[in-house]
Amino acid sequence: SAADLDADRRVVQRFIGACLRSILDQLGPQHELIVVDDGSSDNTLALVFQAQEAWPGNNFHVFSQANEGIPSARNHCLRVAVGDYIAFIDGDDMMLPGSLSAMDQAIAAHQPDVIACDFRMWHPDEPAKTRSVRMGYPVGRLLRDQDTILNNFFADRQMYIWSNVFRRE
């Protein structure tokens with residue numbers, strides 16, 4: 001419903017500051033942060049611009065578009081990104097400390113097509129629901145066998161785009 005959509009959009013305003021800080025605290029000159037505001041109707045975009053103004057680097061870019069939905073915003077990101085790898089992070093997500101460094105190390109060592117990441121389901125309003133989710137893939141190993149990859153992928157059923165890093169090409 002329209003009321004549910006408005007409530008979902010307000011969630012981003014509540015968490016966008018923490019989301020951006022969790023990324024910017026790790027962002028190096030080899031990274032770029034692209035924020036696509038998908039027609040927010042609250043204070044989200046103003047908060048993003050405040051964070052961008054405070055950021056000393058030139059690798060934090062902000063784009064705004066009329067509300068077209070998450071797929072359109074992600075496609076916009078893909079069109080403007082220049083990096084070799086893409087991680088999609090929603091405005092109510094946070095990146096754990098050390099995440100970008102671990103991804104950089106995996107990329108340097110293996111140049112994988114995809115990095116599957118463990119994550120925490122965070123429920124700030126219902127802490128009892130907060131839990132860690134461990135993917136079934138062997139930690140730190142490069143998998144090349146298609147059956148092993150697909151069996152783990154479908155067994156876990158944790159098919160969130162934001163829990164993976166993708167080679168952009």
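Along each chain, residue indices are assigned from 1 in the same order as the chain's sequence is written. With the structure being a predicted model, the display of local features is reserved for residues of pLDDT at least 70 and the display and counting of side-chain atom pairs for 80 or more, all residues being used for whole-chain, interface and lining totals. Excluded from the side-chain calculation are hydrogens and water; included are all heavy atoms of the structure.

### Section: the side chain of His76
1) Next: Considering the arrangement of structural elements, one finds His76 in helix α3 (residues 70–80).
2) Next: Here, two residues are considered to be in contact whenever any of their heavy atoms come within 4.5 Å of each other. Leaving out residues up to four positions away in the same chain, His76 has contacts with Val36, Phe63 and Gln65. Note on conventions: DSSP H or I runs of at least 4 residues are helices, E runs of at least 2 residues are strands, and numbering of each starts at the N terminus.

### Side note on helix α4 (residues 99–110)
1) Next: Taking 1.5 Å of rise per residue, 12 residues should cover 16 Å, and α4 covers 16 Å from first to last C-alpha, within 8% of that figure.
2) Next: Within α4 the residues assigned to the buried category are Ser99, Leu100, Met103 and Ile107. Here the buried residues of α4 occupy an arc of 95° about the axis, which is enough to place them on one side. Of the residues in α4, the exposed ones pointing more than 90 degrees away from the buried face are Gln105, Ala108 and Ala109.
3) Next: Just downstream of α4 lies Gln111, where phi reads positive at about 45°. Helices are assigned an expected span. That span is 1.5 Å times one less than the residue count. Buried, partly exposed and exposed residues are distinguished by accessible area as a fraction of the type maximum, computed with a 1.4 Å probe on protein chains only: under 20%, between the cut-offs, and over 50%, respectively. When we speak of the arc, we mean the arc of directions from the helix axis to the C-beta atoms.

### Description of the sheet that holds strand β4 (residues 114–116)
By way of backbone hydrogen bonds, the strands of a sheet pair with one another, either parallel or antiparallel.
1) Next: Read from one edge to the other, the open sheet built from three strands follows the order β3-β7-β4, with strand pairing classed as antiparallel. Of all the strands in the sheet, just β3 (85–87) and β4 have a single pairing partner and so form its edges. Looking at each pair of strands side by side, their axes are set apart by 15° on average, direction ignored.
2) Next: Strand pairing is assigned whenever DSSP detects at least two bridges linking the two strands. In this sheet, strand β7 (residues 164–167) lies alongside β4 in antiparallel orientation, the contact comprising three bridges. When the sheet's bridge partners are listed, Ala116 is paired in β7 with Asn164. Between N-to-C directions, angles cover 0 to 180 degrees, with each direction set by a line fitted to C-alpha atoms, over the stretch in contact for helices.

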